[in-house]
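# Structural overview for review
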Amino acid sequence: MGSLIAAMAASSLAAAPTIVGREAPDFVLRGLDGRNLRLSEFRGQVVLVNFWSRSDGDSRQQMPALDRINITYQRAGLVVLGVSVDDDLRRSKEFAAAMGVSYPILFDTGTKIGKDYLLQKMPMTILVDRSGVVRYSAVGFKRGGERVYLDQIRELLRE
Amino acid sequence: MNLKHRMVSLMVCGALLSPAWMAMGETPPPPAPDAPPAELKTLDQEVQGLKKDVVDLNKDLFVLQEQLLFPANTQVALYISMDVGTFFALDSVTVKIDNKEVKNYLYTAREADALLKGGVQQIYLGNLKVGKHELVAFFSGKGPVERDYKRGATINFDKGVGAKYLELKITDRVPKHQPEFMIKDWE
């Protein structure tokens, strides 16, 4: 019984599958302003991709923080892309418009991108370096949590 | 041959083999401070050679993969081109073959611009059995006066034993101030 519990604990502690170190799967999505954006067209810039859901509290809390990061670092070569994974496109668009963030918000109503990026929990934030490789991935968000990946952003911008 | 003759012949050989500065009795010039060492140069050449080999190998593998996945007797390739584009700004294309969606492609501003500049994109590559087939393409974007615009084009074609090439063409119909959508069968 003890060994069974230990095995279960070990399996729950096992590292979640991640795409860090792999080339970021390409996608093209329609934005809030009607333009289509393709991830690979930002090759040469550091890209922060934030997958979010309207119904998730952490996602809503994270967006203003990402907006501040975008305003501060976009001149240094950072691109922030928000990707909504909500099924209800209309309500998601309304929510995104109400948030009024400065970075592009894209809408994914399919399932392929979620599978490609191994999405499990919202929000999920990934950092893609200038050569298109995923260098950092974080799940969830707590107030002030942006400091954790701010260091990563600065490091990638310096490369 | 005595010792004296040997010494003379060795000196002659040495003078011939040594560089001019040796024969002139000068000291060798010091290497240029910025010039990379010879070993580094050869290593760099080797790396460049390896990179070229990798590119060549990648090209060969791509061709082989195309031949295996899309054999010439079943291959169907669909291309898209755009001419002028005054009356239409392309946003997306959906392709159906025999009523089954095979491709849905969203165009970014950069991709649409590349098509307007004369680019031709292979939008779909697949396999089809020999016989009659129907291809329907739906084009959506902004039409005249920035209005949302959606049009379709259909072609019925015979797939023979060879590869089939089709082209989606978007052109401007100047007299009607409307875009025109055609599908051309490259026999």
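Before reading on, note that the structure itself is shown above.
Below you will find a few notes about this structure.

On to the sheet that holds strand β2 (residues 89-97) of chain B, then. Residues and elements named next belong to chain B. The strand order β3-β2-β5-β6 describes an open sheet built from four strands, whose pairing is antiparallel. Edge positions in the open sheet fall to β3 (100-106) and β6 (148-159), since each of these has one partner strand only. Taken over all neighbouring pairs, the strand axes of this sheet differ in orientation by 15 degrees on average, direction set aside. Relative to strand β5 (residues 131-142), β2 runs antiparallel, the two being bridged by eight bridges. When the sheet's bridge partners are listed, Leu-90 is paired in β5 with Gly-141.

Once that is clear, we can look at the packing of helix α2 (residues 57-73) of chain A against helix α5 (residues 146-158) of chain A. Any two packed helices are characterised by how steeply their axes cross, that is the angle between the axes, and by the distance between the axes. All names here are of chain A. Viewed as axis vectors pointing N to C, α2 and α5 meet at an angle of 25 degrees, and their least axial separation amounts to 12 Å. Our classification of the angle between α2 and α5 gives roughly parallel. Helix-helix and strand crossings are classified by hand; for α2 and α5 the assignment is right-handed. Along the contact surface, α2 presents Ala-65, Ile-69 and Tyr-73, while α5 presents Glu-146, Leu-150, Ile-153 and Leu-157. Split by residue class, the contact of α2 with α5 holds six nonpolar, no polar and one charged.

This paragraph deals with the interface of chain B and chain A. Listed as interface residues are six residues of chain B and, on the opposing side, seven residues of chain A. Looking at the side of chain B that touches chain A residue by residue, the classes come out as three nonpolar, one polar and two charged.

Residues and elements named next belong to chain B. Strand order across the open sheet formed by four strands is β4-β1-β7-β8, with mixed pairing between neighbours. Edge positions in the sheet fall to β4 (121-127) and β8 (178-186), since each has one partner strand and no second. Between one strand axis and the next, the sheet turns through 15 degrees on average, direction left out of account.

Here is what the cut-offs are and how they apply
- Residues numbered from 1 in each chain as written.
- Chains lettered and ligands numbered in written order.
- Predicted model: local features only at pLDDT ≥ 70, side-chain atom pairs only at ≥ 80, totals over all residues.
- Pairing = 2+ DSSP bridges.
- Helix = DSSP H or I, 4+ residues; strand = E, 2+ residues; numbered from the N terminus.
- Axes fitted to C-alpha atoms, helices over the stretch in contact; angles between N-to-C directions.
- Parallel < 35°, antiparallel > 145°, perpendicular 65-115°, else oblique.
- Left-handed = near helix turned anticlockwise from the far one by under 90°.
- Contact = placed C-beta atoms within 7 Å.
- Nonpolar A, V, L, I, M, F, W, Y, C, P; charged D, E, K, R; others polar.

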